[in-house]
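# Architecture at a glance
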Amino acid sequence: MPNTIEHFVAADQVTPELAGQLIDRAEAFKNGAIANIELPTYAANLFFEASTRTHTSFEMAERKLGMTVLPFDPAHSSVTKGETLGDTLRTLAAIGVQVAVIRHPADDYYKPLIEEGLPLHLINAGDGAGQHPSQMMLDLMTIHEAFGHFKGLKVGIVGDLAHSRVARSDMQILTKLGASVAFSGPKAWYTDDFKAYGPYVPLKDLAPAVDVLMLLRVQLERLSDAEKAEFSAATYHARFGVTQSIYDSMQPRAIIMHPAPVNRDVELASNLVQASRSRIFDQMQNGVFMRMAMLELVCHSPLTDKGDFPHANADSKR
């Protein structure tokens, strides 16, 4: 592959050229392409937050590539004894692990690790409310399957914006690729970092106007005690969820996406999770092939002894 990325951690590493390259490669894997990766290659998945889709998807991707996956459980590791994440990674590298996939509750956990230099490749599987680059890339693949392009598409991102790493990653890459983005959901969660990328539009006006309606899970585990006390699933669904009437107002070609897990009858009516416009389970399937492409990419990239945090496009919006 012509582009190389030593560590895949954030949206601002991804140029339009690289996005297209990864989509092409993931689609090739979906159509039965053979992996181009040196074996044996050893991977470890370090998930410090609960995960079903991302964790199992990365492991399936690693196994499809022929990689050997070393089990790692943070609750039974030396992290519980106070070992730093950097020392954990250096330990794994010392015994032969070449790729670490990490989900961590701290925003930007990867920056000091990369600045200090790492002896293995790192893929960010989600950092706090910061970035989720593999979800971003599988979302792009799913949109590309539906429309064949990004330029001129209208994308609505709806829901728990303030706590969403998916929203932050997706809004950056979609605008870079020529799509327009607008936001909806509780207006208190539409903060200044989203205003730079698109306007707030009430859902009843947004749904009929967009090609892609991207819903976000309400992340109850990240809400403050006051927000939890005030939250009502029924009220949220009535005001900000996709009900049957909202669904019926959408354009015939429009699609619904969601990073999942879906809070049924909160973000989306339960009977619509597998409706004809829903691409939720397509996203999950595509995630395996996109993560194969990402893993193959980093494995083809030479490691440097010490590198600054990589920014591929300095002119990305802020």
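As recorded by an unreviewed UniProt entry, the protein chain carries the name Aspartate carbamoyltransferase and is attributed to Lacticaseibacillus yichunensis. Quoted straight from UniProt, the Pathway (unreviewed entry) entry for the protein chain says "Pyrimidine metabolism; UMP biosynthesis via de novo pathway; (S)-dihydroorotate from bicarbonate: step 2/3." Under the UniProt heading Function (unreviewed entry), the note attached to the protein chain is "Catalyzes the condensation of carbamoyl phosphate and aspartate to form carbamoyl aspartate and inorganic phosphate, the committed step in the de novo pyrimidine nucleotide biosynthesis pathway."

Attention shifts here to the overall build of the protein chain. From N to C terminus, the protein chain includes 12 helices and eight strands. Taking the principal axes of its C-alpha atoms as reference, the protein chain extends roughly 55 × 45 × 35 Å. Look at the contacts in the protein chain between residues 6 or more apart in sequence, and 76% of them connect residues 24 or more apart. Here the protein chain has roughly 13200 Å² of accessible surface; of this, 52% comes from carbon and sulfur atoms. Between the centroid of the 29 positive side chains of the protein chain and the centroid of its 37 negative side chains there is a distance of 5 Å.

Here we take up the sheet that holds strand 5 (residues 154-158). Read from one edge of the open sheet, four strands run 6-5-7-8, paired in parallel fashion. If you trace the sheet from one side to the other, it starts and ends with strand 6 (180-184) and strand 8 (255-257), each paired once. Mean inter-strand twist for the sheet, computed between neighbouring axes without regard to direction, equals 20°. Relative to strand 7 (residues 212-215), strand 5 runs parallel, the two being bridged by four bridges. For Val155, the partnering residue across the bridge sits in strand 7 and is Val212.

Turning our attention to the pairing of strand 1 (residues 42-47). With five of its six residues buried, strand 1 lies for the most part within the structure. Crossover handedness for the path strand 1 to helix 2 (residues 53-64) to strand 2 (residues 68-70): right-handed.

Quick look at the nonpolar core now. Within the largest apolar cluster, 65 residues are counted, with the highest numbers of intra-cluster contacts made by Phe8, Met137, Ile157 and Met290. No other element matches helix 12 (residues 280-299), which puts nine residues into this core. Discounting chain neighbours no more than four positions away, the residues touching Met290 are Leu22, Ile23, Ala26, Met137, Leu138 and Met141. Counting residues in each nonpolar core, the second largest holds 22 residues, with Val158, Val201, Ala207 and Val273 among its members.

Before going further, it helps to spend a moment on unusual backbone geometry. The omega angle of the peptide bond from Leu39 to Pro40 is 5°, so this bond is cis rather than trans. Relative to the helices and strands, Pro40 is located in the loop between helix 1 (16-30) and strand 1. Along the chain, Ala260 connects to Pro261 via a cis peptide bond; the corresponding omega equals 0°. Here Pro261 shows up in the loop between strand 8 and helix 12. Within the chain, Asp108 stands out as a residue other than glycine whose phi angle is a positive 60°. Along the chain, Asp108 falls in the loop between strand 3 (99-104) and helix 4 (110-116). Relative accessible area serves as the criterion here: at 32%, Asp108 is assigned to the partly exposed category.

Our next topic: the pattern of salt bridges. Applying the stated criterion across every chain yields a total of 12 salt bridges. Between Glu145 and Lys30 there is a salt bridge, and its shortest N-O distance comes to 2.8 Å. Taken as a pair, Glu145 in helix 5 (residues 133-147) and Lys30 in helix 1 lie far apart in primary sequence, 115 residues in all. The salt bridge involving Arg253 is made with Asp211; its shortest N-O contact spans 2.7 Å. Placement of the pair is Arg253 in the loop between helix 11 (244-249) and strand 8 and Asp211 in the loop between helix 8 (203-206) and strand 7, with a sequence separation of 42 residues. Residues participating in the shared-partner salt-bridge network are Asp87, Arg90 and Glu116.

Rules behind the numbers
Residues numbered from 1 in each chain as written. Predicted model: local features only at pLDDT ≥ 70, side-chain atom pairs only at ≥ 80, totals over all residues. Heavy atoms only, no water. UniProt positions renumbered as here; feature names shortened; annotations may be inferred. Helix = DSSP H or I, 4+ residues; strand = E, 2+ residues; numbered from the N terminus. Contact = heavy atoms within 4.5 Å. Areas by Shrake-Rupley, 256 points an atom, 1.4 Å probe, with all protein chains shown as cover. Lys, Arg positive; Asp, Glu negative; His and termini not counted. Charge placed at Lys NZ, Arg CZ, Asp CG, Glu CD. Pairing = 2+ DSSP bridges. Axes fitted to C-alpha atoms, helices over the stretch in contact; angles between N-to-C directions. Buried < 20%, exposed > 50% of the residue type's maximum accessible area, 1.4 Å probe, protein only. Right-handed = clockwise from strand over helix to strand, strands pointing away. Core = buried A, V, L, I, M, F, W, Y, C linked by side-chain atoms within 4.5 Å. Salt bridge = Lys/Arg side-chain N within 4 Å of Asp/Glu carboxyl O.

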